[in-house]
Amino acid sequence: MQLFLLWIMALLVWPHDASAWESLGHEAIADAAQEHLSPETAKSIAQILGHGATLPPHALAKASTWPDQIRDLQRHGTAASKLDEHGVKEAQAFNAAFPDNAQWHFVNLPLGSAHYPDDADLDDLLTPFTSPHDVVQMLNVCIETLETVGEVTPWTKTQALRWLIHLVGDVHQPLHVATGYYRTTHQDLPNPVLIENPHDAGRVGVLGDRGGNDLLFSDSARDNLHALWDSCLVKALAGIGACGKAPTAEDAARLVHRIIQRMKLASSFDYRSSGEHFSWAAHWATDSLKTARESKAYAFVRRNGIVRDSHMADASIRMTIDAPPTKTEYSTNHEPVVETQLTKAAVRLADLLNHLAWKP
Ligand SMILES: [Zn+2]
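Counting starts from 1 at the beginning of each chain's written sequence and moves along it residue by residue. Since the coordinates come from a predicted model, pLDDT governs what is reported: local features require at least 70, and pairs of side-chain atoms require 80 or more to be given and counted, while whole-chain, interface and lining totals use all residues. Remark: hydrogens and water are excluded; side-chain values derive from all non-hydrogen atoms of the structure.

- By the naming in an unreviewed UniProt entry, the protein chain is S1/P1 nuclease, taken from Nitrospira japonica.

Section: the pattern of salt bridges
Phase 1 of the analysis: Put simply, a salt bridge is a Lys or Arg side-chain nitrogen that is within 4 Å of an Asp or Glu carboxyl oxygen. Counted by the stated rule, this structure contains 16 salt bridges.
Phase 2 of the analysis: Across the pair Glu85 and Lys89 runs a salt bridge, and its minimum N-O distance is 4.0 Å. Pair noted here: Glu85 and Lys89 are both in helix H6 (residues 85-97), with a separation of four residues, about one helical turn. The residues Glu85 and Lys89 share a single accessibility class, namely exposed.
Phase 3 of the analysis: Connected through salt bridges with shared partners, the residues Arg210, Asp214, Arg308, Asp309 and Arg318 form a single ionic network. Segments assigned H or I by DSSP are reported as helices when at least four residues long, segments assigned E as strands when at least two residues long, and all are numbered from the N terminus. Whether a residue is buried, partly exposed or exposed follows from its accessible area with a 1.4 Å probe, protein chains only, as a fraction of its type maximum: under 20%, in between, or over 50%, in that order.

Digging into the state of the cysteines
Phase 1 of the analysis: Disulfides are defined as cysteine sulfur pairs within 2.5 Å. Here the structure, examined in full by the defined rule, presents one disulfide.
Phase 2 of the analysis: The partner cysteine of Cys232 in its disulfide is Cys243, sulfur to sulfur 2.1 Å. With the S-S bond torsion at -85°, the cross-link from Cys232 to Cys243 turns out left-handed. One end of the pair, Cys232, is in helix H10 (residues 225-237); the other, Cys243, is in the loop between H10 and helix H11 (249-263), and 11 residues separate them in sequence.

Quick word on the nonpolar core
Phase 1 of the analysis: As used in this record, nonpolar core signifies buried Ala, Val, Leu, Ile, Met, Phe, Trp, Tyr and Cys residues forming a set joined through side-chain atoms within 4.5 Å. Counting 105 residues, the largest nonpolar core has Trp155, Leu164 and Leu225 as its most contacted members.
Phase 2 of the analysis: Tallying contributions element by element places helix H13 (residues 327-355) first for this core, with 11 residues.

Structural notes on the coordination of the zinc ion
Phase 1 of the analysis: Taken together, His105 (ND1), His166 (NE2), Asp170 (OD) and Asp170 (OD) make up the full set of protein donors to the zinc ion, lying 2.0 to 2.8 Å away.
Phase 2 of the analysis: In this structure, the zinc ion is coordinated by four donor atoms arranged in irregular fashion, with angles at the metal of 52 to 147°.
Phase 3 of the analysis: When the donor residues of the zinc ion are listed from N- to C-terminus, their spacing reads H-x60-H-x3-D. Of the two residues, His105 sits in the loop between H6 and strand E1 (109-110) while His166 sits in helix H8 (residues 157-170), which places them 61 residues apart along the sequence. Neither His105 nor His166 differs from the other in exposure class; each is buried. A donor here means an N, O or S atom no more than 2.8 Å from the metal, or no more than 3.2 Å when the metal is Na, K or Ca. Since water is not included, a site may seem to lack partners. A site with four donors is called tetrahedral when every donor-metal-donor angle falls between 85 and 135 degrees; four donors are called square planar, and six octahedral, when opposite donors sit more than 155 degrees apart and all other angles fall between 65 and 115; any other arrangement is irregular.

Okay, here's the thing in structure tokens:
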């Protein structure tokens, strides 16, 4: 009975903000990408991850989920952590050195944004929606770190590589790049109207829904649009019928196989990046914005808006939504989109890793 109560309590304190693609998606992207590494790249990675000269199977997948594990530790303490004693110490030191690292996983651009803004253009009206620590900028910091000769401080190359693998996944989750914005006046809150235009989204009194984390299908904060993309749609692709069910090793293997098969199709060659690799993360973010728009990720009826945490910098607006016409149909329509995004992420992660000027 006591165990049962503890289990219920653990469920109650479980993170409300789902992590992008959850472990199943991140690990599948990493496993599929690992199949496409050049021998030289595999050797450099093996060295940085502490495996000697040979990269063992599943090494990238294991590294891919570390940024979520340290965030969970920061939010929920050691009890809910999957890290061992040494891992907890490392994570605590990292969280102390980078207390804002939970912000590195995303960028909240309005849906109507044409692109992730160019670094050089300070007048771009999208620049206020970005941060030096958003998913695009941090991907570039990871690249820079891994291409630096010698030790790097205050983090390690191992940590930078784990972040790089993770963030390539995150930037391909459309709701880690695109966010809904809404006016929060008394008149607007009962039936919030989606603002897509960046000019209007930047006005005073307008708040975002944190990539769909605040768009709820029911009374439960966990039953939200962001979590549907991160978790349920990925599980459905792996052949898991019920979203609440934990994936088995067979489910995970099925998903990896599916992505690897998809990477062999001629259409997957279109996902490859070219040119200067410091520009790739911004291009991928722009692509995710387009995916959010074209897949109609935000086609919902919205009601009962409330303003959350208005005293904090990350104030947001929460509301209930109805999917058109049902959540099941929305999921069926968006499963192929998620399959494409996971495939793009795997193709591009392998490309980026093979392209880096490694300085182990
Ligand atoms: Zn993440």
